[in-house]
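Listed below are the residues making up each chain.
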Amino acid sequence: MAIKSESQLQQTPLFELHQALQARMVGFGGWEMPVQYQGITAEHKAVRQQAGMFDISHMGKFALQGPHLLEQLQPLVPTDLSRLRAGSAKYSVFLNPAAGIIDDLIFYYQGKDAQAERGLLIVNAATAAEDKAWLLDHLDLAQVTLQDLTSTQALIAVQGPRAVTCLQTLVAESLAAIKPYCHIETPLFNQPAFFARTGYTGEDGFEIMAAPEVIQQLWRSLLDQGVIPCGLGARDTLRLEAAMALYGQDIDQTTTPLEAGLGWIVQWDKGDFIGRAPLEQQRQVGVQRKLVGLQMQGRNIARHGYPVLSQGEPVGVVTSGTLAPTVGKPIALAFVPTPLSQPGQSLAVEIRGKAYPAVVVQRPFYRRSRTANGGESTQAV
């Protein structure tokens, strides 16, 4: 997880609540954010076993509107947005002309009325300003309006087996009826709120956006129900167990969707899009490297930037690594040459000048059980 120290950090509407809970605060993406409250492992386990909540108000939030909004957005992503229906969403990426990933994102399609189509775009905090400028450069501003909600709307994620049950006590709409990657607008404390069944933890749950005072009240109400506040540390270990890429570490402008294992977001039967030609060429000739899952064979932890070795020679680099609380083993994501990317491949990671054995494993490292009661969980390695 890329945490950096910055001056003049922005603060989310929940900042004082974090302070009251004695959260350890750090600079992240230009914002002062909680990295942990009671401890990363305890918060991680709360999400896997019960319910946890995260302040993600720092994320970039753009409301888009226009008579042909989907048509305007189609050339900007490799995903076919024309397949979206009102109330559904897609994960995708912005690509540069070389097919490198500018940012990853979720686009929520809110539907069409007599005047225009509407949608909500959520992007990463550290790249929000650049994403906004990029959108304004590439959209027809005579046809599309972009409203930046980043500082005016608050956003939290409530994740875990009890997440839906806890949230349901606060809204009349049936949250259980909302499918994954779908969303609704429904009153919360008699004010408008946006509920999306999405997340970044590998667990079920919702991300909720509303006015700051509404989200502040929601945070307090969930605290009263025993929902555990969680920081960036647990968010990082949870997403890594679920093998979800972190922008700026696992993916960036030097990596393509095909190299990163994100080929599933590319719909080749759609029209042209930025970066299509080099991506097509890469598809035809094959990628030279792949992002893989690694499991260390001992207790040593592979960290971001550590060299990956094959027969003693450097062949790749670790992008993310941790001791996974649910899996109970050190795991990592790393780029390695394609011939060395198959599960079962023996490799090593150089840690403080010594080589420690690792093996390529299937991703994700952890997968939530799909049983009817939603209460069981499994690990993939």
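Keep in mind the model is a prediction, meaning the values are calculated, not measured. In every chain, residue numbers begin from 1 and rise along the written sequence. Predicted model: local features are reported for residues with pLDDT of at least 70 only, side-chain atom pairs are reported and counted for 80 or more only, and whole-chain, interface and lining totals are derived from all residues. Side-chain numbers here rest on the full set of heavy atoms in the structure, without hydrogens or water.

Draft legend 1. Structural view of the nonpolar core. Ranked by internal contacts, the top residues of the largest apolar core, which has 36 residues, are Phe-54, Ile-101, Tyr-108, Leu-120, Ile-251 and Leu-279. We count a stretch as a helix when DSSP gives it H or I for four or more residues in a row; a strand needs E for two or more, and each element gets its number in order from the N terminus. Broken down by secondary-structure element, the contributors of at least two residues to this core are β6 (88–95), β7 (101–112), β8 (117–123), β10 (154–159), β12 (191–196) and α7 (232–241). The element that contributes the greatest number of residues to this core is β6, accounting for four residues. Residue contacts are defined here by distance: any two heavy atoms, one from each residue, within 4.5 Å place the two residues in contact. Apart from the residues within four sequence positions on either side, Leu-279 is in contact with Leu-95, Ala-99, Thr-256, Pro-257, Leu-258, Val-266, Trp-268 and Phe-273. Met-53, Leu-167, Ala-210 and Trp-219 belong to the second-largest nonpolar core, a separate cluster that totals 29 residues. Throughout, nonpolar core names a set of buried Ala, Val, Leu, Ile, Met, Phe, Trp, Tyr and Cys residues whose side chains join them through atoms within 4.5 Å. The buried label goes to any residue with under 20% of its type's maximum accessible area, the exposed label to any with over 50%, and the partly exposed label to all in between, with areas taken from a 1.4 Å probe on protein chains only.

Draft legend 2. Inspection of the pattern of salt bridges at higher detail. Salt bridges are counted wherever a side-chain nitrogen of Lys or Arg sits within 4 Å of a carboxyl oxygen of Asp or Glu. All chains considered together, the criterion is met by twelve salt bridges. One salt bridge in this structure joins Arg-118 and Glu-185, with 3.4 Å as the shortest N-O distance. Here the residue Arg-118 occupies a position in strand β8, and Glu-185 occupies one in strand β11 (residues 183–188), the gap between them amounting to 67 residues. Overall, Arg-118 belongs to the partly exposed group, its relative accessible area being 29%. A salt bridge links Glu-280 to Arg-276, with the nearest nitrogen and oxygen atoms 3.0 Å apart. Residue Glu-280 and its partner Arg-276 are both found in helix α8 (residues 276–285); the two are separated by four residues, about one turn of the helix. The pair Glu-280 / Arg-276 is uniform in exposure class, with both members buried.

Draft legend 3. Quick look at the sheet that holds β7. Any two strands with at least two DSSP-identified bridges between them are counted as paired. If you walk across this open sheet you meet the five strands as β6-β7-β8-β5-β9, and the pairing is antiparallel. The open sheet is flanked by β6 and β9 (145–148), the only strands paired with a single partner. Sheet twist, expressed as the mean angle between neighbouring strand axes with direction ignored, is 25 degrees. Sheet topology places β7 next to β8; seven bridges connect them, and they run antiparallel. Within the sheet, the bridge partner assigned to Leu-105 lies in β8 and is Val-123. Note on geometry: axes are C-alpha line fits, over the in-contact stretch for helices, and angles between N-to-C directions span 0 to 180 degrees. Across the sheet, helix α4 (residues 128–138) is in contact with β5 (60–66), β6, β7, β8 and β9; its angle to β5 comes to roughly 15 degrees.

Draft legend 4. Highlighting the side chain of His-18. Within the element layout of this structure, His-18 appears in helix α1 (residues 15–20). Not counting chain neighbours up to four residues away, the residues in contact with His-18 comprise Thr-12, Ala-23, Met-25, Pro-34, Tyr-37, Asp-55 and Trp-219.

Draft legend 5. Representation of the packing of aromatic side chains within the structure. Ring pairs are drawn from Phe, Tyr and Trp, using the six-membered ring of Trp, whenever the two centres fall within 6.5 Å, and their geometry is named by plane angle: stacked under 30 degrees, edge-to-face over 60, tilted for the rest. If you walk through the whole model with that rule in mind, you get four aromatic pairs. Taken together, a centroid distance of 4.6 Å and an interplanar angle of 40 degrees make the contact between Phe-94 and Trp-134 tilted. Here Phe-94, found in strand β6, pairs with Trp-134, found in helix α4; they are 40 residues apart in sequence, far enough to count as distant. For the pair formed by Phe-94 and Trp-134, the shared burial category is buried. A centroid spacing of 6.3 Å and a plane angle of 70 degrees characterise the contact between Phe-195 and Phe-206, whose relative ring orientation is edge-to-face. Here the residue Phe-195 occupies a position in strand β12, and Phe-206 occupies one in strand β13 (residues 205–210), the gap between them amounting to eleven residues. Under the relative-accessibility criterion, Phe-195 is labelled buried at 1%. A ring is considered to have a charge above it if a Lys NZ or an Arg CZ atom is located within 6 Å of its centre and within 35 degrees of its normal. A cation over a ring is seen here: Arg-289 above Phe-335, with NZ or CZ 4.2 Å from the ring centre.

Geometry only, nothing functional implied.
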